[in-house]
Amino acid sequence: MIQTIAELQHKISSYSAPDQERVLAAARQSEQLHEGQYRDSGEPYFIHPLQVAEILIDMKLDAATVASALLHDVLEDTIMTRADLKRQFGREVDNLVNGVTKIAVVKAQNKSVQESETIRKMLLAMVKDVRVILIKLADKLHNMRTLRYKQGPRQREIAQETLDIYAPLAGRLGISWLKDELEDLALKHLHPDIYRSIKEQVSEKRQQRANYLNRIKSAINKAAQREGVPVVVESRAKHFYSIYLKMKRYGKEIGEIYDLLGIRILCDTTNQCYQILGLVHRLWPPIEGRFKDYIAMPKTNQYQSLHTSVLGFDGKMIEIQIRTHEMHRTAEFGVAAHWLYKRGLTREQVQPADLEIMHRVRDLKDARITSGEFLEEIKREILRDSIYVFTPKGDAIQLPKGATAIDFAYHIHTEVGHHTTGAKADGSIIPLKEPLKNTQVIEILTNPNAHPHLNWLRYAHTSRARSKIRAWLNKNDETLIINQSIVARKQDQTAKHPEPQKTPQHKGPSKETSDILDRHKVEIRVGKERNLMIHFAQCCTPRTGDDIVGYVSRGRGIIIHKRECKSLRSIPDVEERTIEVEWETVSPKTTHRFRVVARPTNDLFSEIEGAVRKIHGHLIEGRIDESGPNTIDASFTLEVERRQDLRKIAKSIRAIPVVMSLHDLPGQ
Ligand code: MN
């Protein structure tokens, strides 16, 4: 690693003359500003920005990024002001440096708020200019490489943060070498014993493994030559953290994990990739379930490759990756390859703006959440693994692990989300809150009269779905507007202007919120599930408290019948399709049926629903009994918490222009 400006000058000799001058000016200024400051290692502080810049030069980034890396700590740690920085180095450098600078206004006792605010600011800056995060990642990498000089507890904190945020971020940006190194360094400080034992094992068998891999390589080379496909075969060292994850996943010791053997085959074209795959599978039997085609279905960071595992010589498992040279560059450099492209060193494969993570951060930017929530979302949603599910037409949809049918519906379209009544996975009805599984075919059942419910907020996993649901509820449901927005606004303000005594807490919903959640429970429970698609049978019209059973219909969810219902018993397959259901008894509510006569209209029930909701009631069910050229005869069931609200509701329904008359129906 470089130590001096002279070495830096040598390192940037391939940059243009003005670029070199720009970088050197930044270096000289930085050295002067940090003069007299020292790192925990005892070295002059300037070594840090210098070596951060070196990492970015190795990534072949542009002069503005390298200059900003040299200056990345001057706003935080020296007398340099933003105005001076901008005057001397221009707007571009100023923006980049400011993007990685900690938020300073927050008082020290709110450390976690400060940290999450800082990360939010940095990620939002990243959306505007991805180089911000590249500088931050290089900064992290250098700090991790020199972490041994920090105090013990602080070491662990920094290592954990790296593992939680920065390594996954590097992964999402497709910079695999950086992700791997950050993970290995974090492991080294979090679990030093495990790290050491993996290291020993790996180095102990090094020679033996090298010999074995050479046999494998030459077999591949020979076969490829016979087919006339030019290939480069590399053995690749698995990074320690991935070995550690495997040990954890399979509960095995390092000695029991064979597949430390990795081979990478590089070729020129996509067709050759598949050709080589066939060739490899003819050489050694593939292991079932291990083949992955990331060429046809690239990862969200635009990684492309074929993965397979085979039983090689002596029955040893070998993991093989097959990709073109171009794909390999994308895999190694990820988003940073964009600057290789600008410098004519590669073809453009990754456009920063196209990366899934950019969309996600942008979505979050518009959601009204505190910085703590923002960070939780980032960790939970963006940085975790994804699943793929399919639409009935076969389109693949990528969602974060844990996503539900609600998330799927909102992913398809906001209007689909808003009118969801139920969902099917591979043809069977699933509860809306059930996490979807990889490769399921998901079908969303909708109804024009359906609308979001407050408890959807608990089932939705993605911030996109949650913010759409919240927006709908805020717009349409007055009870919620008041309570929800007060809760949200309170937290926002506390986070932005924290007062010493009032550190915001983000542990679950506030009392206020959970009270609202409780009041809105739906009325039927099947086992432990509440949010199933429910219809009330029209033959026997069950009411609250009736002895009821559910009939699992094909495509219409669960139909609730009275237990003694005669028409239910006459259904041929009733035996195997009946399930036990109960009334939900959390909040005692009153249901009531009305008959209404109205002038012809398409949205009678949504009008009625609006009128009912205004008085805090819920429309449970409605049907058209007769409809003629001049009138519609309909009946509906609603539910209120207070009986005395019924009169107000009736009044509010009568006020609907198309409603001609309204009558109580007997049977309460
Ligand atoms: Mn730094």
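In what follows, the accompanying structure is described. (Residues numbered from 1 in each chain as written. Predicted model: local features only at pLDDT ≥ 70, side-chain atom pairs only at ≥ 80, totals over all residues. Heavy atoms only, no water.)

A word on the overall build of the chain. Secondary structure summary: the chain contains 28 helices and 20 strands in total. Residues classed as buried in the chain amount to 52% of the 668 residues present. Contacts in the chain between residues at least 24 apart in sequence constitute 65% of all its contacts with a sequence separation of at least 6. When the accessible surface of the chain is totalled, it reaches about 32200 Å², and 49% of it is carbon and sulfur. (Helix = DSSP H or I, 4+ residues; strand = E, 2+ residues; numbered from the N terminus. Buried < 20%, exposed > 50% of the residue type's maximum accessible area, 1.4 Å probe, protein only. Contact = heavy atoms within 4.5 Å. Areas by Shrake-Rupley, 256 points an atom, 1.4 Å probe, with all protein chains shown as cover.)

This next bit is on helix α17 (residues 356-366). Of the residues making up α17, those classed as buried are Ile-357, Met-358, Arg-360, Val-361 and Leu-364. Take α17 and look down its axis: the buried residues cluster within an arc of 160°, on one side only. (Arc of directions from axis to C-beta.)

With that out of the way, let us pick up helix α11 (residues 192-204). Helix length check: α11 (13 residues) gives 18 Å between terminal C-alpha atoms against 18 Å at 1.5 Å per residue, within 8%. Residues of α11 that are buried: Tyr-195, Ile-198 and Val-202. Projected onto a plane normal to the axis of α11, the buried residues spread over an arc of 70° and lie on a single side. Those residues of α11 that are exposed and angled more than 90 degrees off the buried face are Asp-193, Glu-200 and Glu-204. (Expected span 1.5 Å × (residues − 1).)

A few words now on the packing of helix α2 (residues 17-33) against helix α6 (residues 82-99). Where α2 meets α6, the closest approach of the two axes is 11 Å, and the angle between their N-to-C directions is 110°. The angle between α2 and α6 falls in the class roughly perpendicular. In this structure, α2 contributes Arg-22, Ala-25, Ala-26 and Gln-29 to the contact, and α6 contributes Gln-88, Phe-89, Glu-92 and Val-93. In the contact of α2 with α6, the residues fall into 4 nonpolar, 2 polar and 2 charged. (Axes fitted to C-alpha atoms, helices over the stretch in contact; angles between N-to-C directions. Parallel < 35°, antiparallel > 145°, perpendicular 65-115°, else oblique. Nonpolar A, V, L, I, M, F, W, Y, C, P; charged D, E, K, R; others polar.)

Overall, mixed pairing links the 5 strands, which are arranged β1-β2-β5-β4-β3 in an open sheet. At either end of the open sheet lies a strand with only one pairing partner, and these are β1 (232-237) and β3 (292-293). Note that strand β4 (residues 306-311) and strand β5 (residues 317-324) share 6 bridges and pair antiparallel. Following the sheet pairing, Ser-309 is matched in β5 by Glu-319. Each of β1, β2 (261-267) and β5 is contacted by helix α15 (residues 325-333), which is oriented at about 105° to β5, the strand it contacts most. (Pairing = 2+ DSSP bridges.)

Take the coordination of the manganese ion next. Protein coordination at the manganese ion comes from His-48 (NE2), His-72 (NE2), Asp-73 (OD) and Asp-139 (OD), with a distance range of 2.2 to 2.5 Å. When the donors of the manganese ion are listed by position in the chain, the intervening gaps give H-x23-H-D-x65-D. Linking His-48 in helix α3 (residues 47-58) with Asp-73 in the loop between α4 (63-70) and α5 (74-77), this pair joins segments that are 25 residues apart in sequence. On the basis of relative accessibility, which here comes to 1%, the residue His-48 falls in the buried class. A residue is classified by how much of its surface remains accessible, and Asp-73, at 7% relative accessible area, is buried. (Donors = N, O, S within 2.8 Å, 3.2 Å for Na, K, Ca; no water.)

Turning our eyes to something else, we now look at the sheet that holds strand β8 (residues 420-425). Each strand in a sheet pairs with another by means of backbone hydrogen bonds, the pair being arranged parallel or else antiparallel. Reading across the sheet, the 3 strands line up as β9-β8-β10 and stay open at both edges, with antiparallel pairing between neighbours. Two strands lie at the open edges of the sheet, namely β9 (428-430) and β10 (442-446), each paired on one side alone. Averaged over all pairs of adjacent strands, the angle between their axes in this sheet comes to 40°, without regard to strand direction. Bridge count between β8 and β10: 5 bridges; the pairing is antiparallel. Bridged to Gly-422 within β10 is Leu-445. Against the sheet, helix α19 (residues 405-412) contacts β8 and β10, and its axis sits at roughly 80° relative to β10.

Here the focus is the pattern of salt bridges. Enumeration over the complete set of coordinates arrives at 23 salt bridges. We note a salt bridge from Asp-94 to Arg-82, for which the minimum N-O separation is 2.9 Å. Overall, the relative accessible area of 38% leaves Arg-82 in the partly exposed class. (Salt bridge = Lys/Arg side-chain N within 4 Å of Asp/Glu carboxyl O.)

A few words on the pairing of β2. In summary, the side chains of a regular strand alternate between the two faces of the sheet. Counting buried positions over the 7 residues of β2 gives 7, a clear majority of the element. Neither face of β2 is left uncovered, since the one carrying Leu-261, Ile-263, Ile-265 and Cys-267 and the one carrying Gly-262, Arg-264 and Leu-266 both have all their residues buried. Note: β1 against β2, 6 bridges, orientation antiparallel. Across the sheet, residue Arg-236 finds its bridge partner in β2, namely Gly-262.

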